[in-house]
Amino acid sequence: ISCVVGTTDSLSPLGLEVWIDDNKLFDSNHIQNTQTISFEISDDEAEHELRFVVKNKTSEHTRINETGDIISDARLTITDIKFDEIALGILVTEQAVYTHDFNGTGAATSEKFYSHLGCNGSVTLKFTTPIYLWLLEHM
């Protein structure tokens, strides 16, 4: 499994954790540059959950002008998610769920994931192994 992680504001870095089930595979408090993250999992028959967790976002990461309009906002981007070197593309939007509460300023919400993470929260993608069977079923 691999993906490309980046940020929209390298001067105001955000944190990211990547989990498979209950195993933390990546943990950074300062995503400042675009980087590829990759890891291997067993292909034994099982159900799994890939989870990206955004952390450390504060109100200082969002710049607002005098009329209340957002003029810049630090967000993480997660793109080019691949299983077995096969890009998931639109499958991510169809299958992944982004859950957050607007950094504590609103009710919890779940929505489709479109590569950008602007609030502390998590994106989950459930899949099964062997991965090639899951890909055949969903592509």
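Just above, that's the structure.
Conventions used here
Residues numbered from 1 in each chain as written. Predicted model: local features only at pLDDT ≥ 70, side-chain atom pairs only at ≥ 80, totals over all residues. Heavy atoms only, no water. Helix = DSSP H or I, 4+ residues; strand = E, 2+ residues; numbered from the N terminus. Buried < 20%, exposed > 50% of the residue type's maximum accessible area, 1.4 Å probe, protein only. Contact = heavy atoms within 4.5 Å. 1 Å grid on protein atoms, 1.4 Å probe; cavity = no way out; pocket = protein on both sides within 12 Å on 5 of 7 lines; lining within 4 Å. Points joined across faces, edges and corners; volume = space filled by probe spheres on them. Nonpolar A, V, L, I, M, F, W, Y, C, P; charged D, E, K, R; others polar. Phe/Tyr/Trp six-rings, centres within 6.5 Å; stacked < 30°, edge-to-face > 60°. Disulfide = S-S within 2.5 Å. Salt bridge = Lys/Arg side-chain N within 4 Å of Asp/Glu carboxyl O.

(A) Here's a closer look at the environment of Ala46. Mapped onto the elements, Ala46 comes out in strand β5 (residues 46-55). Since its relative accessible area comes to 29%, Ala46 is described here as partly exposed. A C-alpha to C-alpha distance of 19 Å links Ala46 and Val18, two positions 28 residues apart in sequence. The contacts of Ala46, once residues within four sequence positions are left out, are Phe127, Thr128 and Thr129.

(B) Expanded view of the layout of surface pockets. By volume, the largest pocket is sized at about 210 Å³. Lining the largest pocket we find 13 residues, and of these Ile1, Phe39, Glu40, Ile41 and Asp84 sit closest to its centre. Classifying every residue of the lining of the largest pocket gives five nonpolar, three polar and five charged. Lys57, Thr58, Ser59, Thr62, Ile64, Asp73, Phe102, Asn103, Thr105, Gly118 and Cys119 are the residues that line the second largest pocket. Class assignment for the residues of the lining of the second largest pocket results in three nonpolar, six polar and two charged.

(C) The arrangement of the packing of aromatic side chains in detail. One pass over the structure, following the stated rule, counts three aromatic pairs. Ring centres 5.6 Å apart and planes at 45° place the aromatic pair Phe83 and Trp134 in the tilted group. In this pair, Phe83 sits in strand β8 (residues 76-83) while Trp134 sits in helix α2 (residues 131-138), placing the two residues 51 residues apart along the sequence. This pair shows no difference in class: Phe83 is buried, exactly as Trp134 is. Through a chain of ring-to-ring contacts, three or more aromatic side chains come together here, namely Phe83, Phe127 and Trp134.

(D) Geometry of the state of the cysteines. A complete count under the given rule lists zero disulfides for this structure. Cysteine Cys3 is unpaired, with the sulfur of Cys119 as its nearest cysteine sulfur at 19 Å. Residue Cys3 is classed as buried on the basis of its relative accessible area, which comes to 3%. Overall, Cys119 belongs to the buried group, its relative accessible area being 13%.

(E) Broad picture of the pattern of salt bridges. Summed over all chains, the structure comprises eight salt bridges. In this structure, the salt-bridge partner of Asp9 is Arg63, at a minimum N-O distance of 3.2 Å. Note that Asp9 is positioned in the loop between β1 (2-7) and β2 (14-20) and Arg63 in strand β6 (residues 62-64), a separation of 54 residues in sequence. The salt bridge partner of Lys82 is Asp80, with a shortest N-O separation of 3.8 Å. The class of Asp80 is partly exposed, set by a relative accessible area of 40%. Overlapping salt bridges, with partners in common, bring together Glu17, Lys24, Asp27 and Lys55 in one network.

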